[in-house]
Amino acid sequence: ATACFICTPGGYCPRGAVAPRLCEAGSYSGASGNANASDCVDCPAGRRNTDPGTAAALHADPSCEPGPAGMYSDAIGSSDLSSWVVCPAGRYSPPDRDDVSDRCLPCRAGRFNADNGTDNRTDATLHAECEVCSVGLYAAQAGSVECSACASGKYLPYDSKTSDQEHDQETDCIPCSPGRVSAAGSASCTECGPGTFANMTASSCESCTSGTYSSTSGASACQPCSPG
């Protein structure tokens, strides 16, 4: 040979080669766009390259793409989806992740994901994001598979689709005021009617006992009958 050739990004030149070679599926070359690679590098865990070596430009760094949203893979050199699995319950993998999708992220407090993450590729979209807790519910722990209900006698009226920070701890639940009651997981409290009463954190109104009465709604206690 009268001259040496320079390998371009996406190709490699092993010792003794008479012509540049293209990287195969699951690999790339030319870190940060540099040339002169003597070998290709496997795609890191969480990324893949499906091209079988049709064009060097398809294998230039960074050419390995993240996997589908809702899935992850810890295998290196992925050329297809055979090593990718759906995220488990309580976790997700969004479509816009900048880092390598070799693991799933836990749902943030105030959100949950109840899907069990069985390896059904049609269910992967269920793990692209976590759902927000609804009114009357909260999730205090990251990675929750369900939301917890506010205790009876408390309520949580805020719409978590607007602000999930209002649903990320038990203290977000608000005690009913005296004379009002609520069942577990309520978005509001109900006022006790005449003849009944309720102290704070009650789940139901109680009837006034003999010798007492309540003539108005929202009573926190019954009054004793007047003499006579």
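These numbers were taken from a predicted model, which means no experiment stands behind them. (Residues numbered from 1 in each chain as written. Predicted model: local features only at pLDDT ≥ 70, side-chain atom pairs only at ≥ 80, totals over all residues. Heavy atoms only, no water.)

1. Quick notes on the overall build of the chain
When its secondary structure is counted, the chain shows 0 helices and 22 strands. Evaluated residue by residue, the chain yields a buried proportion of 36% over its 228 residues. Relative to all contacts within the chain whose residues are 6 or more apart in sequence, the contacts with residues 24 or more apart total 49%. Total accessible area computed for the chain in this model is approximately 12500 Å², and 50% of it derives from carbon and sulfur atoms. (Helix = DSSP H or I, 4+ residues; strand = E, 2+ residues; numbered from the N terminus. Buried < 20%, exposed > 50% of the residue type's maximum accessible area, 1.4 Å probe, protein only. Contact = heavy atoms within 4.5 Å. Areas by Shrake-Rupley, 256 points an atom, 1.4 Å probe, with all protein chains shown as cover.)

2. With respect to the state of the cysteines
Scanning all chains against the criterion turns up 9 disulfides. Each sulfur of the disulfide joining Cys 208 and Cys 222 lies 1.9 Å from the other. Across the S-S bond of Cys 208 and Cys 222 the torsion is about -80°, and the bridge reads as left-handed. Of this pair, Cys 208 sits in the loop between β20 (206-207) and β21 (212-213) while Cys 222 sits in the loop between β21 and β22 (223-224), and the two are 14 residues apart along the sequence. In this structure Cys 225 is a free cysteine whose sulfur lies 9.1 Å from that of Cys 208, the closest cysteine sulfur available. Given a relative accessible area of 46%, Cys 225 falls into the partly exposed group. (Disulfide = S-S within 2.5 Å.)

3. With respect to the environment of Ser 101
Here Ser 101 lies in the loop between β9 (91-92) and β10 (105-106). Residue Ser 101 is classed as buried on the basis of its relative accessible area, which comes to 3%. Separated by 56 residues in sequence, Ser 101 and Ala 45 have C-alpha atoms that sit 7.4 Å apart. When near neighbours in sequence (up to four residues on either side) are disregarded, Ser 101 contacts Gly 46, Pro 66, Gly 67, Met 71, Tyr 72, Ser 73, Trp 84 and Ser 93.

4. Side note on the environment of Cys 64
Residue placement: Cys 64 occurs in the loop between β5 (47-48) and β6 (65-66). C-alpha separation for the pair Cys 64 and Arg 48, spaced 16 residues apart in sequence, amounts to 4.9 Å.

5. Some thoughts on the environment of Ser 27
Within the secondary structure, Ser 27 is located in strand β3 (residues 27-28). With 49 residues separating them along the chain, Ser 27 and Ile 76 place their C-alpha atoms 9.1 Å apart. In contact with Ser 27, other than residues within four places in its own chain, are Cys 40, Val 41, Asp 42, Cys 43, Asn 49 and His 59. Of note is the side chain of Ser 27, whose polar atom sits 2.7 Å from the backbone oxygen of Glu 24. (Polar contact = N/O pair within 3.5 Å; in protein donor to acceptor, adjacent residues only side chain to side chain.)

6. Comments concerning the confidence of the model for the chain
In the predicted model, the chain carries a mean pLDDT of 85, and 88% of its residues have values of at least 70. No element of the chain has a lower mean pLDDT than strand β1 (residues 11-12), which averages 80, and none a higher one than strand β14 (residues 148-149), which averages 97. (pLDDT = per-residue confidence, 0-100.)

7. Regarding the pattern of salt bridges
Close approach of charged atoms allows side chains of opposite charge to pair. Tallying each qualifying case throughout the model produces 3 salt bridges. Put simply, Arg 103 and Asp 102 hold a salt bridge, and the shortest N to O gap is 2.4 Å. Residue classification places Arg 103 among the partly exposed positions, given a relative accessible area of 44%. With relative accessibility at 25%, the residue Asp 102 sits in the partly exposed group. Glu 170 is the salt-bridge partner of Lys 154, the closest N and O atoms lying 3.1 Å from each other. Of this pair, Lys 154 sits in strand β15 (residues 154-155) while Glu 170 is found in the loop between β15 and β16 (174-175), placing the two residues 16 residues apart along the sequence. (Salt bridge = Lys/Arg side-chain N within 4 Å of Asp/Glu carboxyl O.)

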